[in-house]
Amino acid sequence: MSTSDFLIACVGKPSAGKSSFLNAVTDATAKVGNYPFTTIKPNHGVAYYPTACPCKRFGKTDQCRPRYGRCMDGTRYVPVRMLDVAGLVPGASEGLGLGNQFLDDLRTADVLMHVVDASGTTDANGKATKGYDPSRDIEWLRQEIHSWIFNNLWKRWPGIVRRHLATKSTSIETLHAQFSGYGTPQTVVARFMDRMALAEPLDAWDEATVHQVVDHFLDERFPTIIVLNKIDLPDADLNVAKIMKKYGEDKVVLTSALGECFLRKMHKAGYIRYREGTDEYDTKDELVCIIFRVGLCSLCDGVHLTDHTRVDLVLYRYGSTGVQEAVQHAVDQLHVIPAYPVRNINNFTSGEPSRQSGVFRDCILVRPNTTVRQFARLVHPDIERHYGHAETVGGLQLGESDTVSTSNNIITFKTVQGTGTGTNATN
Ligand SMILES: Nc1nc2c(ncn2[C@@H]2O[C@H](COP(=O)(O)OP(=O)(O)OP(=O)(O)O)[C@@H](O)[C@H]2O)c(=O)[nH]1
């Protein structure tokens, strides 16, 4: 089954903590389910997006058996892909560092997670320093991505305008042709152009207007959250307060990727019980004391005595290491709807052999405004010839152009022969 194939790209300067973050969210310890993505490239990982699973509402938590990801006490963890985009430094759009090659990686991303070293102990190029102002990173990174897109557009602008006039295209059509290489549907272009409400026609736009267009395009195409990492280090507090004030709390998440890696490793090794993404951990006191007295946890390279103190501090101050919250916040930017295809709308099973049976086997994150018919195609790519109708809870029939929403997101599809095709073994 085609599933929540969304991609979060972790961007940021060298040493900000991108790979640590990816390790922290993907090296899951508790019974993490598998994921539907067939190939995971070296700099990719799989994180899990938490959402309320309907099994709780229907009193079926004990029967909930996700095919992918997992469900814990009615919280469903849906797999989403993550990408570590290394090599972004100031000047990348001009070819510095690893240059355009890595900016190119962004083309496939749905949402960006800008990992910032909030401690101010690394400079813009990731070299060790003291007292660096991390808000500078937020500015230059946005500027690099802007320049990359603007330069690509502006160097061809005269030709674009000539073609626009010759083909009598609308501004939306012309821009869509230019932005489609960034994986942009025409609806996205239409949305930001509508918001901009530019009075002049495209052929009269000057350089400043094209900059504005690129800015609006960036906001729409690459929603970005700021992840202030390394909050366990001493100078982070001051920087965090400053950045929150400037960018607003809804765009910022505080994390300690190292703290999360540490807690997960300790959990995996059986020294503590830790529930990922929470402040709930308890220690098997004596063992842990021994480890901490020795000063170095032999299980975790480079994780020293002080890490325990820091992790405690982070959990005490902020409630969690923040990494799970960051994944959730990133996916929330896309306003996805979790949808549950089932074969049987009365008992929510998928009609599989009893060995695998269970309820709510599949959860697919769909984009806003996805219609029932489009959802049917996601679930069953070959449904076109057999599509009959769709039903939701209570046997309510759904029109094929109805939008999938949180009030009708448990759906079964009937074929023209009337059989249920909620999910099937070819998924
Ligand atoms: N104290 C602290 N250190 C961290 C944290 N996250 C990462 N680090 C450390 O920061 C250093 C760089 O981390 P990486 O995860 O390699 O950074 P990166 O952004 O992937 O770096 P590049 O691969 O060079 O792009 C490592 O020594 C990590 O242990 C954190 O939350 N707290």
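The structure reproduced in this document is the subject of the present report.

The rules behind the values
- Residues numbered from 1 in each chain as written.
- Predicted model: local features only at pLDDT ≥ 70, side-chain atom pairs only at ≥ 80, totals over all residues.
- Heavy atoms only, no water.
- Near = heavy atom within 4 Å.
- Polar contact = N/O pair within 3.5 Å; in protein donor to acceptor, adjacent residues only side chain to side chain.
- Areas by Shrake-Rupley, 256 points an atom, 1.4 Å probe, with all protein chains shown as cover.
- Helix = DSSP H or I, 4+ residues; strand = E, 2+ residues; numbered from the N terminus.
- Nonpolar A, V, L, I, M, F, W, Y, C, P; charged D, E, K, R; others polar.
- Buried < 20%, exposed > 50% of the residue type's maximum accessible area, 1.4 Å probe, protein only.
- Pairing = 2+ DSSP bridges.
- Axes fitted to C-alpha atoms, helices over the stretch in contact; angles between N-to-C directions.
- Arc of directions from axis to C-beta.
- Contact = heavy atoms within 4.5 Å.
- Phe/Tyr/Trp six-rings, centres within 6.5 Å; stacked < 30°, edge-to-face > 60°.
- Lys NZ or Arg CZ within 6 Å of the ring centre and 35° of its normal.

Quick notes on the site of the ligand
For the ligand, the set of nearby residues contains 15 residues, the closest of which are Ser15, Lys18, Ser19, Ser20 and Asp232. Contact between the ligand and Lys230: an oxygen atom at 3.1 Å from a side-chain N or O atom of the residue. Here a nitrogen atom of the ligand and a side-chain polar atom of Asp232 are 2.7 Å apart. Isolated, the ligand exposes 650 Å² of accessible area, and the fraction of that covered by the protein chains is 71%. Secondary-structure elements contributing two or more residues to the shell around the ligand are helix H1 (18–26) and helix H10 (257–268). Top contributing element to the shell around the ligand by residue count: H1, with three residues. Looking at the shell around the ligand, its residues break down into five nonpolar, six polar and four charged.

Regarding unusual backbone geometry
Phi at Ser15 takes a positive value of approximately 70°, unusual for a residue other than glycine. As for its position among the elements, Ser15 is in the loop between strand S1 (7–11) and H1. Ser15 gets classed as partly exposed once you look at its relative accessible area, which sits at 44%. Even without being glycine, Phe348 reaches a positive phi, approximately 65°. In this structure, Phe348 sits in the loop between strand S10 (337–341) and strand S11 (364–366). Given the relative accessible area of 3%, Phe348 is considered buried.

Some details on the sheet that holds strand S13 (residues 396–398)
If you trace the five strands from one edge of the open sheet to the other, you get S11-S10-S14-S12-S13, paired in mixed fashion. Edge positions in the open sheet fall to S11 and S13, since each of these has one partner strand only. Pairs of neighbouring strands in the sheet enclose a mean axial angle of 40°, with direction left out of account. With three bridges connecting them, S10 and S11 associate as antiparallel partners. If you follow Ala339 over to S11, its bridge partner there is Ile364.

Describing helix H14 (residues 372–379)
Among all positions in H14, only Val372, Arg373, Phe375, Ala376 and Val379 are buried. The arc enclosing the buried residues of H14, seen along the axis, measures out at 160°, which places them on a common side. In this fold, the buried residues of H14 make contact with S10, S11, strand S12 (387–392), S13 and strand S14 (410–415).

Observations concerning the pairing of S10
Of all the five residues making up S10, five are buried; the element is thus mostly covered by neighbouring parts of the structure. Burial of S10 is two-sided: the residues Ile337, Ala339 and Pro341 facing one way and the residues Pro338 and Tyr340 facing the other way are all buried. As defined by bridge partners, S10 adjoins S14 across two bridges and the pair is classed as parallel. Bridging from a neighbouring strand, Tyr340 pairs with Ile410 of S14.

A few points about the packing of aromatic side chains
Using the criterion set out here, one finds 16 aromatic pairs in the structure. With 6.2 Å between their ring centres and 25° between their planes, Trp154 and Trp157 make a pair best called stacked. Relative accessible area serves as the criterion here: at 27%, Trp154 is assigned to the partly exposed category. By relative accessible area, which is 6% here, Trp157 ends up buried. A centroid spacing of 6.0 Å and a plane angle of 65° characterise the contact between Phe192 and Phe217, whose relative ring orientation is edge-to-face. In this pair, Phe192 is assigned in helix H7 (residues 186–196) and Phe217 in helix H8 (residues 207–221), connecting sequence segments 25 residues apart. Look at Phe217 and you get buried, because its relative accessible area is 0%. Above the plane of the ring of Tyr48 lies Arg70, whose end atom (NZ or CZ) is 6.0 Å from the centre. The ring of Tyr387 is capped by Arg373, whose NZ or CZ atom sits 4.1 Å from the centre of that ring.

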